[in-house]
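Fold and contact review
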Amino acid sequence: MLRLARCLALVCCLAIGSVARAEPPASLEPTPTPDDPFFSIGSPVGSIDYVLGRGLSLGRTGLHIGGFSTLEIDKLQGEPGMLELDSINFLVAWEPFEFFRAFADLELGNLFAWNLSSGGTDSDVSLVVERLFADLSLGDPLNLRFGKFQTPVGIWNMIPAEPFTWTANDPIFLETAFDEHQTGLSLFGSIDAGGGGVNGANTLNYWVYGQVMDALDRSEDPIPADRSAGGRLRYADPLGDWAVGSSFLASELDGDWNYLAGLDAFWQKGPVELQGEWTIVRGDIPDRNLWDIYTQGVYHLGYHTRALRGLHLVGRFEYFNPSGPEPASHIGNLGMAWTPTRFLIIKAGYQFTDQRSDFVNRGFFSSISVLF
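This write-up is about the structure you can find in this document. (Residues numbered from 1 in each chain as written. Predicted model: local features only at pLDDT ≥ 70, side-chain atom pairs only at ≥ 80, totals over all residues. Heavy atoms only, no water.)

Another point: the pairing of strand β4 (residues 63-76). Working note: regular strand, side chains alternate between the two faces of the sheet. Pairing between strand β3 (residues 55-58) and β4: 2 bridges, direction antiparallel. Looking at the pairing, L56 lines up with I65 of β4. With antiparallel pairing between neighbouring strands as the criterion, β3 and β4 make up a hairpin whose turn holds 4 residues, including G59 at a positive phi of roughly 55°. Pairing geometry for β4 and strand β5 (residues 82-97), over 12 bridges, is antiparallel. (Pairing = 2+ DSSP bridges. Helix = DSSP H or I, 4+ residues; strand = E, 2+ residues; numbered from the N terminus.)

Below, the discussion takes up the environment of S40. With respect to the helices, strands and loops of the structure, S40 is situated in strand β1 (residues 39-41). Since its relative accessible area comes to 46%, S40 is described here as partly exposed. Taking the C-alpha atoms as reference, S40 lies 9.6 Å from S57; in sequence the two are 17 residues apart. Each residue touching S40, except ones within four places of it in the same chain, is listed here: S47, I48 and D49. Reaching out from S40, the side chain makes a polar contact with the side chain of S47 at a distance of 2.8 Å. Side-chain polar atoms of S40 contact the side chain of D49, separated by 2.5 Å. (Buried < 20%, exposed > 50% of the residue type's maximum accessible area, 1.4 Å probe, protein only. Contact = heavy atoms within 4.5 Å. Polar contact = N/O pair within 3.5 Å; in protein donor to acceptor, adjacent residues only side chain to side chain.)

Function-wise, these values are silent; they only describe arrangement.
This is the structure:
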């Protein structure tokens, strides 16, 4: 605990931290959809409204219910093709006061899997609490969060839902470098940093956080850390056209420690969007010594042509270098993402690599996500 306290103090002093609120790429909603309710019902607590892709708002209660579901179709080299109804996620937000907000992400997972080669089916439905937290806010500069939340490392892990990423599969390092979630406390906020010109001030977003209790819905693959402390900084222009960030995380598992450092950058102009992350992990926790870098580019084909609106070309290159017997891999992804409406996202792509391992394989990935 003393070592954890020292790590927390170090993080607070250095203020190495993260974005205050992760947002999906704006161009994932390229086709304007009216916010007029699909239906509206009067009630004693006010109007109960449902907007397609935006969820159900229950009048003056401050309660909002939405969610998403994803169907995946994959065919990896040497493995059978699979069609899976991956999950249904229910997103529940309650904001009774301006200074207080509670949020839950409840996932019904492993709903249905169909082996396209043998015709066999499988279902092992489980309920997982993906996120569960409460926020107390003193305004943009200072917020306190308690509960289970996304680990504020880099860009990708701050986008908590598969429908809001550009590809149907994630960069490889996310599976091994650190825990996807933290269960504990965090301080986060956004501070005007000047220099934005006529568009307003640039912003400095920060996170300082620590896992101070056992993980909620503890997974066994990989085994989550017992304790951790970390933080992130992100400096961005007022229009969101560019940003740079840095991350730090110290984790302890069964008395062993490891340390993560990362840098990331984002830039967009017109139809082009670029992002990249560099991550290095060193320490004594097995299977977590690695370094990784990826760059990803997106081109919006419909930027100048309305007939192709919502269609994007996506390419990603990743170099993944783990410790131990696993070989280093050069990994490429080429594909597309199409958002014909706000509530429907279709993605398909092919991953190729010079090495195959427990973490890396070649093959086809695709998904259809529906927001409700």
